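Examining the three-dimensional arrangement
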Amino acid sequence: MNKLPEDLYKKTAWDQETNPIWLGSTLHLYRNCSLYKFPPKMSLPEMHGCLKTVTETLQKNSFNVFPAETLTPLDKELLFEHFQCSQSFQEMGEGQGFAIDEPGKNLLIINENNHLQLHVTATGKDLVEAWVSLSKLDQSIGQAHPFSFSPRFGYLTSDPTVCGTALEARSFLHLPALRHTGALGDLLKKYGDEQLSFLSLEGSMNDLVGDFLIIKNHYTLGVSEENFLSLLQTTAQKIADTEQKMRDDLKKTPSPDLKDFVGRSFGLILHSYQLHPKEALDGLSGLKLGVDLGWVSGISSQKISTLMLQLRRGHLTHLLSLTTATPQELSHKRAEWLHQELKGISINE
């Protein structure tokens, strides 16, 4: 089996947190080579041929390529988590692969539903700047492998609804103050736009796991990259600013309900024998808010952000070298690990 770089689970994109509310964004770009049929229509020899030629190009661009069949299911889960992807890789096998650049910021998925899926994580707020960086890689690969393109429909993909720019952008906002005061619903109505969608980490807006809101573009056809990225960036900034104002007000006039939320989160995380991922994310959300408001000490907001990514199964099994563990055993190990990582934190009265 090929071994993934240790930095993928020992470091996360949120290690460089610059804002406790807007933690970062991801860009996902879909491309297909004009010389080949879409992957679902390719034979296995054709997939191997495509993988071979694309691999040669990527290696020239300082990417390490990992054939999908050489990675374990937990390796694939780690990649899914680390790059905040929206679709599982567990079914990927022969003729398919993954490529990671030397800094570990870019992931390319080869021959899944499209010949190439390019994923990049951006910790800054400037999405257009992140797009410029991603487009340079896109152009470099496109020079060696011309992409399928239609003057009418733009870049062609196996999913017609993603044609056009074939670019999906997501921004991740941590909004516990807005959510737990009941102000978030009205705010999303105020800033809603037909070009944007609001999601939770699990997709449905019925339950914002970890109090995270994801904002993504709804359309890829009939819009330019710069325009929808600018709209997404502006909307995310307005919502983040409203969350920040509410936190500033809470520092002056604390809310008993939110103090209770932070206190309960402290008890849940520090005294549970088992913790499922959702429970852990919800508990860490309260602690992260408490740190920013000065109600919790002994840890940084950035550290909690890192834990929020590392507590999931792919990261945690690699960190703790757990090749096999039942869900119950992993829940206990997660709780133990968090107890150790959070040692020394306290509630400020």
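Just so you know, these numbers come straight off a predicted model, no measurement behind them. (Residues numbered from 1 in each chain as written. Predicted model: local features only at pLDDT ≥ 70, side-chain atom pairs only at ≥ 80, totals over all residues. Heavy atoms only, no water.)

So, about the layout of surface pockets. The space that makes up the largest pocket amounts to roughly 700 Å³. The set of elements that each furnish at least two residues to the lining of the largest pocket consists of α1 (7-10), β3 (97-101), β5 (116-122) and α4 (127-144). The residue makeup of the lining of the largest pocket, split by class, is nine nonpolar, ten polar and nine charged. Taken as a whole, the second largest pocket spans an internal volume of roughly 520 Å³. Residue classes in the lining of the second largest pocket are distributed as 13 nonpolar, four polar and seven charged. (1 Å grid on protein atoms, 1.4 Å probe; cavity = no way out; pocket = protein on both sides within 12 Å on 5 of 7 lines; lining within 4 Å. Points joined across faces, edges and corners; volume = space filled by probe spheres on them. Helix = DSSP H or I, 4+ residues; strand = E, 2+ residues; numbered from the N terminus. Nonpolar A, V, L, I, M, F, W, Y, C, P; charged D, E, K, R; others polar.)

Turning our eyes to something else, we now look at the pattern of salt bridges. Enumeration over the complete set of coordinates arrives at 16 salt bridges. Across the salt bridge formed by glutamate 6 and lysine 10, the nearest N and O atoms sit 3.0 Å from each other. Taking relative accessible area as the criterion, glutamate 6 reaches 36% and is therefore assigned partly exposed. Each of Arg179, Asp207, Asp211, Lys278 and Asp282 takes part in a single network of salt bridges with overlapping partners. (Salt bridge = Lys/Arg side-chain N within 4 Å of Asp/Glu carboxyl O. Buried < 20%, exposed > 50% of the residue type's maximum accessible area, 1.4 Å probe, protein only.)

The buried count for β3 comes to five of five residues, which makes it a mostly enclosed element. Residues Gly97, Ala99 and Asp101 line one face of β3 and the alternating positions Phe98 and Ile100 line the opposite face, and both faces are buried. Where strand β2 (residues 63-67) meets β3, five bridges bridge the pair, whose relative direction is antiparallel. Paired with asparagine 64 across the bridge in β3 is isoleucine 100. Of the strand pairs in this sheet, β3 and strand β4 (residues 106-110) are connected by four bridges, and their pairing is antiparallel. Considered in β4, the bridge of alanine 99 is made with leucine 108. Between the end of β3 and the start of β4, which pair antiparallel, lie four residues, with glycine 104 showing a positive phi angle near 80°. (Pairing = 2+ DSSP bridges.)

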